[in-house]
Structures are given as structure tokens and as C-alpha cells.
Amino acid sequence: MRHLPYFCRGQVVRGFGRGSKQLGIPTANFPEQVVDNLPADVSTGIYYGWASVGSGDVHKMVVSIGWNPYYKNTKKSMETHIMHTFKEDFYGEILSVAIVGYLRPEKNFDSLESLISAIHGDIEEAKKRLDLPEHLKLKEDNFFRVPKSKIMNGH
Ligand SMILES: Cc1cc2nc3c(=O)[nH]c(=O)nc-3n(C[C@H](O)[C@H](O)[C@H](O)COP(=O)(O)O)c2cc1C
Ligand SMILES: Nc1ncnc2c1ncn2[C@@H]1O[C@H](COP(=O)(O)OP(=O)(O)O)[C@@H](O)[C@H]1O
Ligand SMILES: [Mg+2]
């Protein structure tokens, strides 16, 4: 993982519509170009880090990169679940993410319930690890400040 932390930004697009919301775990999907531009050594798997929507606050996140073996996708995807309750959907907005650590490879599961509980496990582990000082400092990275400073609002 030579490339971590890895910073990237992109527009939130519609996913495969399988409704991860039905699992209680919505994931904001990046467009194909963002996924195709990932460095070769950012392998598929489950990662954690920080994310912000537009010029909003920076929150903890988990991100899944790969082919979702449980669903046997044919196209590689990069999907971010943000540990925050948003008032509404944010399709079309710019999502900024800083991937700071790796959790595990993508896996297949015998049931939807076991996929869901694995993801909940990832979320808990990510929350813990992101409280480490080495990770907390990335929350304050200038990467997350740039979009804010560009918004002039007439002043
Ligand atoms: C933290 C996290 C871990 C995940 N792990 C796996 C996994 O191990 N195997 C898998 O097939 N899908 C995994 N997924 C992806 C889900 O299957 C995916 O979110 C679901 O297919 C819904 O996608 P949608 O955005 O197209 O609705 C993971 C997603 C997240 C957020
Ligand atoms: N905490 C959150 N993390 C990620 N996306 C969220 C969150 N809350 C609301 N959303 C919205 O839910 C959408 C993703 O839901 P999902 O069921 O995965 O649909 P899709 O298949 O279109 O990606 C995101 O694009 C975003 O607009
Ligand atoms: Mg999604």
C-alpha cells in the first residue's frame, strides 16, 4: 500500500441500484473514470478513512473497492459509506475521500446477513482505528479545505 494515504475526489453517481439502503448501509458510488484512475497498487478490498460531501464536514468512512463477489459485479466499483446521518441524498455532489488504511480483502458470503454483519464489523473497526493520532491528523488535511476556500459567496 505504497499509495496510502490516497486522496481522491469525484461526483457521486448512481450505483447498480441494488439498494444498499435496504441493507441500512448506503454507499456513495464514484464514476468509472475515478475507479479506473486508482493507482495499480491500491488493490481491491475494504479500506477506511475520511470523507466530506461538497464543502461539508469531514466524517469517518469505510470504502469498498472491487467487484463485490457476493453480487458478482462485472465492473469494478468504489463505494463509500460515510458514518454520518445525512438529511437527504447527495447524488451529483462532489465527494472527497482520504483513504488512510486497509481492513481486509473482498469476500463472498453465504448469506446477505453475513455480508451485512461483516460490513458492520468493518465500520466498528474503522471507527476505532481512525481515533489513532496518526489518522486523526489527516482529518485536518488541506485536501478537505480547498473546496471551502473556493466558495466566495460574494465576499
Ligand atoms: C465496508 C464495506 C465492505 C464491503 N464488503 C464487501 C464484501 O466483502 N463482499 C461483497 O461482495 N461486497 C462488499 N461490499 C459491497 C456491498 O455488497 C455493496 O455496497 C452492495 O453491493 C450495494 O451496492 P449498490 O451501491 O450498487 O447498491 C462492502 C461494502 C462496504 C461499504
Ligand atoms: N451515510 C451515507 N453514506 C453514503 N451515502 C449516503 C449516506 N446517506 C445517504 N446517502 C445517499 O445514498 C446514496 C447511495 O445509496 P445506495 O443504496 O448505495 O444506492 P446506489 O446503488 O445508487 O449507490 C448515495 O449516493 C447518497 O446520495
Ligand atoms: Mg451505492
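How each quantity is defined
- Residues numbered from 1 in each chain as written.
- Chains lettered and ligands numbered in written order.
- Predicted model: local features only at pLDDT ≥ 70, side-chain atom pairs only at ≥ 80, totals over all residues.
- Heavy atoms only, no water.
- Buried < 20%, exposed > 50% of the residue type's maximum accessible area, 1.4 Å probe, protein only.
- Donors = N, O, S within 2.8 Å, 3.2 Å for Na, K, Ca; no water.
- Tetrahedral: all angles 85-135°; square planar, octahedral: opposite > 155°, others 65-115°.
- Near = heavy atom within 4 Å.
- Polar contact = N/O pair within 3.5 Å; in protein donor to acceptor, adjacent residues only side chain to side chain.
- Areas by Shrake-Rupley, 256 points an atom, 1.4 Å probe, with all protein chains shown as cover.
- Helix = DSSP H or I, 4+ residues; strand = E, 2+ residues; numbered from the N terminus.
- Nonpolar A, V, L, I, M, F, W, Y, C, P; charged D, E, K, R; others polar.
- Pairing = 2+ DSSP bridges.
- Contact = heavy atoms within 4.5 Å.
- Axes fitted to C-alpha atoms, helices over the stretch in contact; angles between N-to-C directions.

(A) Structural context of unusual backbone geometry. At asparagine 68, a residue that is not glycine, the phi angle is positive and equals roughly 45°. The class for asparagine 68 is buried, based on a relative accessible area of 13%.

(B) Fine view of the coordination of the magnesium ion (ligand 3). In the first shell of the magnesium ion (ligand 3), the protein supplies Thr27 (O), Thr27 (OG1) and Asn29 (OD1), at 2.1 to 2.2 Å from the metal. For the magnesium ion (ligand 3), the six donor atoms in the first shell make angles of 78 to 168° at the metal, so the coordination geometry reads as octahedral.

(C) Spotlight on the site of ligand 1. Surveying the vicinity of ligand 1 reveals 22 residues, the closest of which are Thr27, Tyr70, Glu79, Arg104 and Lys107. Between ligand 1 and the protein, one listed contact pairs an oxygen atom with a side-chain N or O atom of asparagine 68 at 3.2 Å. Taking arginine 104, its side chain carries an N or O atom lying 2.9 Å from an oxygen atom of ligand 1. Taken by itself ligand 1 offers 640 Å² of open surface, and the protein chains cover 98% of this. Where the shell around ligand 1 is concerned, the elements lending two or more residues are β4 (59-66) and α2 (112-129). If one sorts the elements of the shell around ligand 1 by residue count, α2 sits on top with three residues. Split into classes, the residues belonging to the shell around ligand 1 amount to nine nonpolar, seven polar and six charged.

(D) A look at the site of ligand 2. Residues in close proximity to ligand 2 total 20 residues, the closest being Gly15, Ser20, Asn29, Phe90 and Tyr91. Contact distances for ligand 2 include 2.8 Å between an oxygen atom and a backbone N or O atom of glycine 15. Interatomic distance of 2.8 Å between a backbone N/O atom of phenylalanine 90 and an oxygen atom of ligand 2. Compared with its free state, where it exposes 570 Å², ligand 2 has 93% of that area covered by protein. Counting residues per element, the shell around ligand 2 draws most heavily on strand β5 (residues 77-82), at three residues. Across the shell around ligand 2, the residue classes break down as eight nonpolar, nine polar and three charged.

(E) Up close: the sheet that holds β4. Taken together, six strands build an open sheet; the order of strands is β1-β6-β3-β4-β5-β2 and the sheet is antiparallel. Either end of the sheet is taken by a strand with one partner, and the two such strands are β1 (6-11) and β2 (28-29). Here strand β3 (residues 45-53) pairs with β4 via seven bridges, running antiparallel. Note that in β4 the partner of tryptophan 50 across the bridge is lysine 60. Docked against the sheet, α2 engages β3, β4, β5 and β6 (94-104), running at close to 95° with respect to β6.

(F) Focus on the environment of proline 105. When you line up the elements, proline 105 lands in the loop between β6 and α2. Along the backbone, proline 105 and glycine 45 are 60 residues apart, and their C-alpha atoms lie at a distance of 4.2 Å. When near neighbours in sequence (up to four residues on either side) are disregarded, proline 105 contacts Gly45 and Ile46.

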